[in-house]
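What follows is each chain in one-letter form.
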Amino acid sequence: MKGPDVVVVGGGVIGTAVTYYLAKQGADVLLLERAELGGETSSACDGFVILQSKSPGVHLALALASAELYRGLADELDWDIEYRNCGGLIVIEREEELPAMRTFMAKQQAIGLDVRLLLGDEVRRLEPALAPHIVGATYSPQDSQVNPLQVVLGFAQAARRLGARVRQGVPLQTLRRAGARVSAVVAGGEEIPAGAVVLCTGVFTPELLTPLGVELPLRPRRGQLVVTEPAPPLVHHIFLCARYIAAKYHPELLAAAEDEALRLGVGLALEQTGSGGFLIGSTREFVGWDKRTTPLGIREIVRHATRILPALAQLNAIRTFAGLRPYTPDGLPFLGPVPGWENLYIAAGHEGDGIALAPITGRLMAELILTGRTSFPLTDFAVDRFARGKDQGGQLKVTP
Amino acid sequence: MNDDDVIICRCEEVTKGDIRRAIRSGATTFKAVKKFTRAGMGLCQGRTCRRLILQILAQETGQTPGQLAPGSYRPPTRPVPLAALKGEES
Ligand SMILES: Cc1cc2nc3c(=O)[nH]c(=O)nc-3n(C[C@H](O)[C@H](O)[C@H](O)COP(=O)(O)OP(=O)(O)OC[C@H]3O[C@@H](n4cnc5c(N)ncnc54)[C@H](O)[C@@H]3O)c2cc1C
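Residues numbered from 1 in each chain as written. Chains lettered and ligands numbered in written order. Predicted model: local features only at pLDDT ≥ 70, side-chain atom pairs only at ≥ 80, totals over all residues. Heavy atoms only, no water.

1. Focus on the overall build of chain B
If you tally the helices and strands in chain B, you get four helices and three strands. Counting helices and strands in the order they occur from the N terminus, chain B gives β-β-α-α-α-β-α. Taking the principal axes of the C-alpha coordinates as reference, chain B spans close to 50 × 25 × 20 Å. Counting every position in chain B, which comprises 90 residues, the buried fraction comes to 46%. Across chain B, contacts joining residues at least 24 apart in sequence account for 49% of those joining residues at least 6 apart. Summed over its atoms, the accessible surface of chain B is roughly 5000 Å², and 51% of this surface lies on carbon and sulfur atoms. (Helix = DSSP H or I, 4+ residues; strand = E, 2+ residues; numbered from the N terminus. Buried < 20%, exposed > 50% of the residue type's maximum accessible area, 1.4 Å probe, protein only. Contact = heavy atoms within 4.5 Å. Areas by Shrake-Rupley, 256 points an atom, 1.4 Å probe, with all protein chains shown as cover.)

2. A look at the confidence of the model for chain B
Residues and elements named next belong to chain B. Of all residues in chain B, 90% attain a pLDDT of 70 or more, and the chain-wide mean is 84. The weakest mean pLDDT in chain B belongs to helix α2 (residues 30–37) at 86; the strongest belongs to strand β2 (residues 14–15) at 94. Across the interfaces of the predicted complex, the ipTM metric reaches 0.77, alongside a pTM of 0.90. (pLDDT = per-residue confidence, 0-100.)

3. Section: the site of the ligand
All names here are of chain A. Around the ligand, the structure places 39 residues, and the nearest of them are E33, S42, L172, E351 and A356. Within the backbone of D353, one N or O atom sits 3.3 Å away from an oxygen atom of the ligand. Protein burial of the ligand: of its 1000 Å² of free accessible surface, 98% is covered by the chains. By residue number, the principal contributor to the shell around the ligand is strand β17 (residues 316–327), which donates four residues. Looking at the shell around the ligand residue by residue, the classes come out as 18 nonpolar, 14 polar and seven charged. Residue assignment places the shell around the ligand across two domains, with domain 1 (6–45 + 149–215 + 330–388) and domain 2 (88–141 + 219–327) each supplying three or more. (Near = heavy atom within 4 Å. Polar contact = N/O pair within 3.5 Å; in protein donor to acceptor, adjacent residues only side chain to side chain. Nonpolar A, V, L, I, M, F, W, Y, C, P; charged D, E, K, R; others polar. Domains from an automatic or database assignment.)

4. Considering the packing of aromatic side chains
All names here are of chain A. Counted under the stated rule, the structure contains eight aromatic pairs over all chains. Considering the side-chain rings of F334 and F386, the 6.1 Å spacing of their centres and the 80° angle between planes classify their relative orientation as edge-to-face. A residue pair is termed long-range when its members are at least 10 positions apart, and F334 in strand β18 (residues 334–337) and F386 in the loop between α12 (354–371) and β20 (387–390) qualify at 52 residues. By relative accessible area, F334 is classed as buried at 0%. Among the aromatic residues, ring-to-ring pairing joins Y20, Y21 and F155 into one connected group. Above the plane of the ring of F204 lies R34, whose end atom (NZ or CZ) is 4.3 Å from the centre. Directly above the ring of F286 sits R219, whose terminal nitrogen or CZ lies 3.9 Å from the centroid. (Phe/Tyr/Trp six-rings, centres within 6.5 Å; stacked < 30°, edge-to-face > 60°. Lys NZ or Arg CZ within 6 Å of the ring centre and 35° of its normal.)

5. Some words on the domain arrangement of chain A
Note on interface size: it is often stated as the accessible area lost on association of the parts. Residues and elements named next belong to chain A. Here chain A is partitioned into domain 1 (6–45 + 149–215 + 330–388) and domain 2 (88–141 + 219–327). On a C-alpha basis, the centroid separation for the pair domain 1 and domain 2 is 30 Å. Facing 14 residues of domain 1, the contacting portion of domain 2 comprises 15 residues. At the boundary of domain 1 with domain 2, total buried surface from both sides reaches about 1100 Å², with 59% on carbon and sulfur atoms. (Buried area = accessible area lost by both parts, 1.4 Å probe.)

6. What to know about the sheet that holds strand β5 (residues 116–119) of chain A
On the basis of which strands lie adjacent, the open sheet formed by nine strands has the order β5(A)-β6(A)-β4(A)-β14(A)-β15(A)-β16(A)-β13(A)-β17(A)-β3(B) and mixed pairing. Each edge of the open sheet is held by one strand with a lone partner, namely β5 of chain A together with β3 (80–81) of chain B. In this structure, strand β4 (residues 88–92) of chain A lies alongside strand β6 (residues 136–140) of chain A, joined through five bridges in antiparallel fashion. Its bridge partner being in β6 of chain A, I90 of chain A is matched across the sheet by T138 of chain A. Strands β4, β13 (219–228), β14 (238–241), β16 (278–281) and β17 of chain A of the sheet are contacted by helix α11 (residues 295–308) of chain A, whose axis makes an angle of about 55° with β13 of chain A. (Pairing = 2+ DSSP bridges. Axes fitted to C-alpha atoms, helices over the stretch in contact; angles between N-to-C directions.)

7. Digging into the sheet that holds β18 of chain A
All names here are of chain A. Strand order across the open sheet formed by six strands is β8-β2-β1-β12-β19-β18, with mixed pairing between neighbours. The open sheet is flanked by β8 (165–168) and β18, the only strands paired with a single partner. Averaged over all adjacent pairs, the angle separating strand axes in this sheet is 15°, with direction ignored. Examined bridge by bridge, strand β2 (residues 29–33) and β8 share four bridges and lie parallel to one another. The residue bridging L30 from the neighbouring strand is R165, located in β8. Relative to β2, helix α1 (residues 13–24) is tilted by about 170°, and along the sheet it contacts β1 (6–9), β2, β12 (196–199) and β19 (344–348).

8. Remarks on the environment of R124 of chain A
All names here are of chain A. Within the element layout of this structure, R124 appears in helix α5 (residues 121–126). C-alpha separation for the pair R124 and V197, spaced 73 residues apart in sequence, amounts to 50 Å. Beyond its immediate chain neighbours, meaning those up to four positions away, R124 contacts L130, A131, P132 and I134. A polar side-chain atom of R124 sits 3.1 Å from the main-chain carbonyl oxygen of I134.

9. Looking at the interface of chain B and chain A
Across the contact, 26 residues belong to chain B and 31 residues belong to chain A. Contact between chain B and chain A buries roughly 2500 Å² in total, counting both sides, with carbon and sulfur atoms accounting for 57%. Considering only the surface of chain B that becomes buried against chain A, F36, L82 and K86 of chain B emerge as the three largest contributors, covering 29% of it. Our enumeration of links across chain B and chain A arrives at zero salt bridges. Taken together, the connections running from chain B to chain A amount to eight residue pairs in polar contact (both at pLDDT 80 or more). Within the residue set of the side of chain B that touches chain A, elements represented by two or more residues are α2, β3 and α4 (82–85) of chain B. Classifying every residue of the side of chain B that touches chain A gives twelve nonpolar, six polar and eight charged. Bridge analysis of β17 of chain A against β3 of chain B gives two bridges, and the strand direction is antiparallel. The residue of β3 of chain B that forms the bridge with N316 of chain A is P81 of chain B. (Salt bridge = Lys/Arg side-chain N within 4 Å of Asp/Glu carboxyl O.)

10. Re the side chain of H59 of chain A
With respect to the helices and strands, H59 of chain A occurs in helix α2 (residues 58–71). Setting aside residues no more than four positions away along its own chain, H59 of chain A makes contact with K54, K248, Y249, G331, L332, D353 and L357 of chain A.

11. Topic: the pairing of β12 of chain A
Residues and elements named next belong to chain A. By the alternation rule, side chains of β12 split into A196 and V198 and V197 and L199, which are all buried. As judged from the four bridges shared by β1 and β12, these two strands associate in the parallel manner. Of the residues in β12, the one forming a bridge with V6 is A196.

Right, here's the structure in full:
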């Protein structure tokens, strides 16, 4: 029996994107999702396609390429992903944060991002709801917003239309090895021959690799969110704060902090969604697999958000939830082949950027798997970039 | 009879047709329907539409409502003003 050309494992935003772009290139694809599409991190998150938060370098370059793909995506997929090119603001609360933000911005401009600094009343003219103490904000008209679940569903639908098979409730259990190749997967008790396998399993990826002797420095980083009742339009852009940038890239500064909010990595991430409700986040915490929200986390998020946008205090919270970001030590995902294997690939570890980076991830993985070459160099995303050495058996040992 | 326009979730204005479409495109559990259509995720958090959604799911998937997992409530179970969550007034 001939199996599919490619088996994609994991039906989050990354797996569905990879499935779609493979199918678009004419490959015969089978997507295996152990529970349900979008049931994990890809539905416990915001929908920012934000460029300003990306570290200036390959990270931003990759995000710019992804944002370009998002522009035409709703039409291409024939699915309403609630894409809005709303523009984004990184709010600056303290004078002391200005120099760092200027430097961050200048580096981003050099890579081609349209971003500028608005001071004082300039930013309050754009968003009158901002508190009087706000010093300014960096603004990019390129920042956008989507509904992450609709992105998952849109990719899955369009992939099916192109002939891909999508199976839910079917976990990958074992990879069958023949020399340096995966010959088949065992999933849901069934053995399925496979031309190639891509693991798009987010925070769950390390547990699939351990049996192969591969250690991947990827771990869950919790983010808590608060949802409010629908409200009339209060803000028009998506918001982050300068402290979000610090929380994201310098966890070591946060661990030592005195302040509770800092220690929880609270940085504002706020959007008013299509339905009028606010999604307000978030924390960045290493607490293992715990997906609960905590009274302290929620309190600090709300304090932070209402300090920046005081009118929010009038609204009711209707729900809280938390998701686990697939964190990697350098903030970049793993995109590429597993060393020692010819046809086993990983696309995982997108931390807080998986929604933004999904289209480009899908496209590059399809190029890599089907042609062996990519239109964007993937060297910085190599699976073994943290490797210190390989052991005898050709198996990979990776340590953070 | 086409009752696709009947509103099932009034908070989020989700119709029976929206729910059927979601189920047919693969959202075959209560949790998935909620996520994909937003039904039950509005102000009342599903207090009114939960049963109706379970019925539609049962019809479409050939299960009994009892076989379907009812989904979870996420705190707070009633709307709470953000001002109260800030913990400044008690
Ligand atoms: C609070 C919060 C806010 C965020 N905000 C944003 C944002 O605004 N913008 C942005 O770009 N990103 C954001 N993110 C990050 C984004 O959500 C993630 O990067 C992204 O969802 C990761 O997608 P994924 O497909 O890799 O993982 P997942 O969505 O977790 O998908 C992995 C899938 O693999 C399946 N799986 C696991 N093991 C197996 C197996 N053995 N067999 C079959 N299937 C398996 C799982 O069931 C799961 O469905 C946020 C994250 C959080 C937590």
